[in-house]
Amino acid sequence: MVMHNELLLNEVAKVMNGRICKSDRELIRGISIDTRNIRPGELFFALKGENTDGHNYTHDAVNKGAIGLVVQHSKQEPNEIIVNDTLFALGELAKYYRKKFDVHIIAITGTNGKTTVKNLIAAILKTRYRILFTRKSFNSLIGLPLMIFEMSGEEDYVVLEMGTSNPGEIKRLCSIARPFIGVITNIGPGHIQGFGSLDGIRKEKVTLIESLPDNGFGVINENITGINRKNIFEFSITEAEEIETDETGSSFVYRGNRFFTPLLGLSNIHNCLAALAVTEKLGVDVDMQQRSLRSINSEPGRLEPIRHDSLLIINDTYNANPVSMKSAIDFVVRLNRRKILVLGDMLELGEESEKYHKEIGEYARAHCDYLIAFGKESESYGGMHFEDKDVLIRHLCKILRGDEVILVKASRAMKFEEIVRKLLRRL
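Quick summary incoming for the structure in this document.

1. Describing the packing of aromatic side chains
Stage number 1. Tallied over the entire structure, the rule returns seven aromatic pairs.
Stage number 2. Three or more aromatic residues link up through ring pairs in this structure, and these residues are Y97, F101 and F149.
Stage number 3. A cation over a ring is seen here: K281 above F233, with NZ or CZ 3.8 Å from the ring centre.
Stage number 4. Over the ring of Y318 we find R302, and its NZ or CZ is 3.7 Å from the ring centre.

In structure tokens form, the structure reads like this:
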């Protein structure tokens with residue numbers, strides 16, 4: 001990842017409180033965490049993950065032109081910077097780099113809707129301003145710093161996502177990015193395993209608002225309480241009138257103006273309202289807002305409509321939790337079609353996982369023609385359960401008439417996009 005502002009190797013070592021094995025004034029032209037796409041002149045961070053360790057690839061990084069390495073123990077390579085924690089060091093360098101630019105950062109967090117709200121805000125703002133925004137879902141302690149390194153200083157706004165699965169991560173991300181505007185889309189039982197309770201999730205998300213400067217402002221869902229500071233603005237689905245949702249998109253009236261978006265479902269109207277609230281405060285006129293909402297498309301795997309002749313598949317495989325699962329079912333219920341739900345596990349729900357799966361199962365069975373499930377936790381749905389995806393797909397093909405709507409949804413780790421791909425190949 002090429003940086004617009006070059007840094008000196010010994011300057012970087014000082015910022016990260018690292019020990020450089022060879023004092024050098026080499027210029028760093030970029031940052032890399034992956035030797036598969038590293039470029040000459042980049043600094044390679046050897047990060048440790050669940051399934052891999054970047055320290056195993058340092059020699060490969062050097063052979064491909066890395067100007068230096070950030071490691072936790074020496075690998076006997078040139079220009080090593082030895083630090084206590086390579087992930088923390090990555091964040092410290094991003095924090096230093098961010099301070100070089102006088103730019104307003106908009107940070108978005110929430111249990112659901114972060115990526116869509118980010119895309120909506122970016123689409124609206126770029127009609128008037130120069131912006132940079134998070135690619136894909138670069139919203140973690142790794143992804144957000146990488147986005148910071150893409151800053152050039154020419155942006156008017158930078159729009160970033162902030163994800164979290166453990167206490168303290170939002171605070172750390174805020175210390176790196178120093179957001180001026182904070183958005184909380186909603187709060188629900190996603191990643192509850194890492195926080196212990198909904199209140200724990202609320203405290204973590206609200207950290208974003210608490211981290212804003214005095215002259216910044218926050219935009220939050222009206223259901224979020226307990227925030228005592230100035231310049232907080234609420235948005236609510238009750239502000240939308242004449243709501244219409246079908247399989248071609250969603251329309252609504254907001255402050256007397258009619259909006260249409262190809263995005264599906266009531267949850268996406270909610271996301272639109274969050275984006276409208278932010279961009280309204282930043283002076284974007286209604287015409288630009290309307291035009292941007294009309295032109296945006298759904299992200300792959302997020303209530304994404306896929307049509308095959310008369311069959312409609314709703315690919316919502318990117319992730320799942322009880323709130324987003326119910327919301328997706330609610331959308332399908334509105335359609336005048338035979339309804340098939342293909343649902344998988346909702347992960348990271350901790351001790352209450354069985355309860356949440358039973359509740360969703362009961363709700364799903366009452367609102368569909370067929371409920372098909374795959375995954376250990378999904379046995380609690382009470383639908384027709386399969387232990388093999390290929391067998392599930394063969395059964396699904398047998399019951400199809402060809403004019404149904406099929407919702408395919410599960411947590412990311414369940415890889416339900418495989419079901420969508422294989423189903424399309426068989427049709």
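From this point, things continue past the structure.
2. Comments concerning the side chain of S32
Stage number 1. Within the secondary structure layout, S32 lies in strand 3 (residues 27-32).
Stage number 2. In terms of polar contacts, S32 uses its side chain to reach the backbone carbonyl oxygen of D34, at 3.1 Å.
Stage number 3. Ignoring any residue separated from it by four or fewer positions in sequence, one finds S32 in contact with N37, I38, E42, L43, F44 and F45.

3. A look at the sheet that holds strand 9 (residues 157-161)
Stage number 1. Taken together, six strands build an open sheet; the order of strands is 8-9-7-10-11-12 and the sheet is parallel. Of all strands in the sheet, those bounded by a partner on one side alone are strand 8 (131-133) and strand 12 (232-235). For this sheet, the mean inter-axis angle between neighbouring strands, taken without regard to orientation, is 15 degrees.
Stage number 2. The pairing of strand 10 (residues 181-184) with strand 11 (residues 217-221) spans four bridges and is classified as parallel. Its bridge partner lying in strand 11, V183 is registered against V219.
Stage number 3. Running at roughly 160 degrees to strand 11, helix 9 (residues 266-281) makes contact with strand 7 (104-109), strand 10, strand 11 and strand 12 of the sheet.

4. Some words on the environment of I82
Stage number 1. Tracing the chain through its elements places I82 in strand 6 (residues 80-82).
Stage number 2. Using a relative accessible area of 13% as the deciding quantity, one classes I82 as buried.
Stage number 3. For I82 and N17, which are 65 residues apart along the polypeptide, the C-alpha to C-alpha distance reads 8.9 Å.
Stage number 4. Beyond its immediate sequence surroundings of up to four residues, I82 is in contact with G18, R19, C21, V71, Q72, H73 and S74.

5. Topic: the nonpolar core
Stage number 1. If you look at the biggest cluster of nonpolar residues, it comprises 40 residues, and the most contacted ones within it are I31, F45 and I148.
Stage number 2. In this structure, I148 is in contact with A94, Y97, R98, I105, L160, I176 and A177, ignoring residues within four places of it in sequence.

6. Here's the deal with the sheet that holds strand 21 (residues 405-409)
Sheets are built from strands that pair by backbone hydrogen bonding, the pairs being arranged parallel or antiparallel.
Stage number 1. The strand order across the open sheet built from six strands is 16-17-21-18-19-20, with neighbouring strands paired in mixed fashion. This sheet does not close on itself; its edge strands, each paired only once, are strand 16 (304-308) and strand 20 (384-386). For this sheet the average axis-to-axis angle between neighbouring strands, irrespective of direction, equals 20 degrees.
Stage number 2. Of the pairings in the sheet, the one linking strand 18 (residues 339-344) to strand 21 comprises five bridges and is parallel in character. Counterpart to K339 in the pairing with strand 21 is V405.
Stage number 3. Packing against the sheet, helix 13 (residues 389-399) makes contact with strand 18, strand 19 (370-374), strand 20 and strand 21, and its axis sits at approximately 165 degrees to strand 19.

7. Structural notes on helix 8 (residues 198-210)
Stage number 1. Compared with the 18 Å implied by 1.5 Å per residue over 13 residues, the 18 Å span of helix 8 between its first and last C-alpha is a close match.
Stage number 2. Looking at the buried residues of helix 8, the elements they touch are strand 7, helix 6 (169-177), strand 10, helix 7 (192-195), strand 11 and strand 12.

8. With respect to unusual backbone geometry
Stage number 1. Residue N17 is not a glycine yet carries a positive backbone phi of 55 degrees.
Stage number 2. As for its placement among the helices and strands, N17 is situated in the loop between helix 1 (9-15) and strand 2 (19-20).
Stage number 3. Even without a glycine there, the phi angle at N231 is positive, about 60 degrees.
Stage number 4. Considering the arrangement of structural elements, one finds N231 in the loop between strand 11 and strand 12.
Stage number 5. Since its relative accessible area comes to 34%, N231 is described here as partly exposed.

9. Focus: a nonpolar patch on the surface
Stage number 1. A grouping of I33, L87 and I142 is seen on the molecular surface, where their side chains present a nonpolar patch of about 190 Å² in accessible area.
Stage number 2. For I33, a relative accessible area of 32% gives the class partly exposed.

10. Regarding the pattern of salt bridges
Stage number 1. Scanning the model with the defined rule gives 26 salt bridges in all.
Stage number 2. As a salt-bridge pair, E6 and R29 come within 3.5 Å of each other at their nearest N and O atoms. You can see E6 sitting in strand 1 (residues 2-8) and its partner R29 sitting in strand 3, a full 23 residues away along the chain.
Stage number 3. Residue classification places E6 among the partly exposed residues on the basis of a relative accessible area of 42%.
Stage number 4. Note that R172 is salt-bridged to E92, the shortest N-O span being 2.8 Å. Taken together, the positions of R172 in helix 6 and E92 in helix 3 (residues 86-98) put the pair 80 residues apart, joining distant regions of the chain.
Stage number 5. For R172, a relative accessible area of 16% corresponds to the buried category.
Stage number 6. By relative accessible area, which is 17% here, E92 ends up buried.

Cut-offs used in this document
- Residues numbered from 1 in each chain as written.
- Predicted model: local features only at pLDDT ≥ 70, side-chain atom pairs only at ≥ 80, totals over all residues.
- Heavy atoms only, no water.
- Phe/Tyr/Trp six-rings, centres within 6.5 Å; stacked < 30°, edge-to-face > 60°.
- Lys NZ or Arg CZ within 6 Å of the ring centre and 35° of its normal.
- Helix = DSSP H or I, 4+ residues; strand = E, 2+ residues; numbered from the N terminus.
- Polar contact = N/O pair within 3.5 Å; in protein donor to acceptor, adjacent residues only side chain to side chain.
- Contact = heavy atoms within 4.5 Å.
- Pairing = 2+ DSSP bridges.
- Axes fitted to C-alpha atoms, helices over the stretch in contact; angles between N-to-C directions.
- Buried < 20%, exposed > 50% of the residue type's maximum accessible area, 1.4 Å probe, protein only.
- Core = buried A, V, L, I, M, F, W, Y, C linked by side-chain atoms within 4.5 Å.
- Expected span 1.5 Å × (residues − 1).
- Patch = residues over 30% accessible without salt bridge, like charges linked within 9 Å, V, L, I, M, F, W, Y side chains within 5 Å.
- Areas by Shrake-Rupley, 256 points an atom, 1.4 Å probe, with all protein chains shown as cover.
- Salt bridge = Lys/Arg side-chain N within 4 Å of Asp/Glu carboxyl O.

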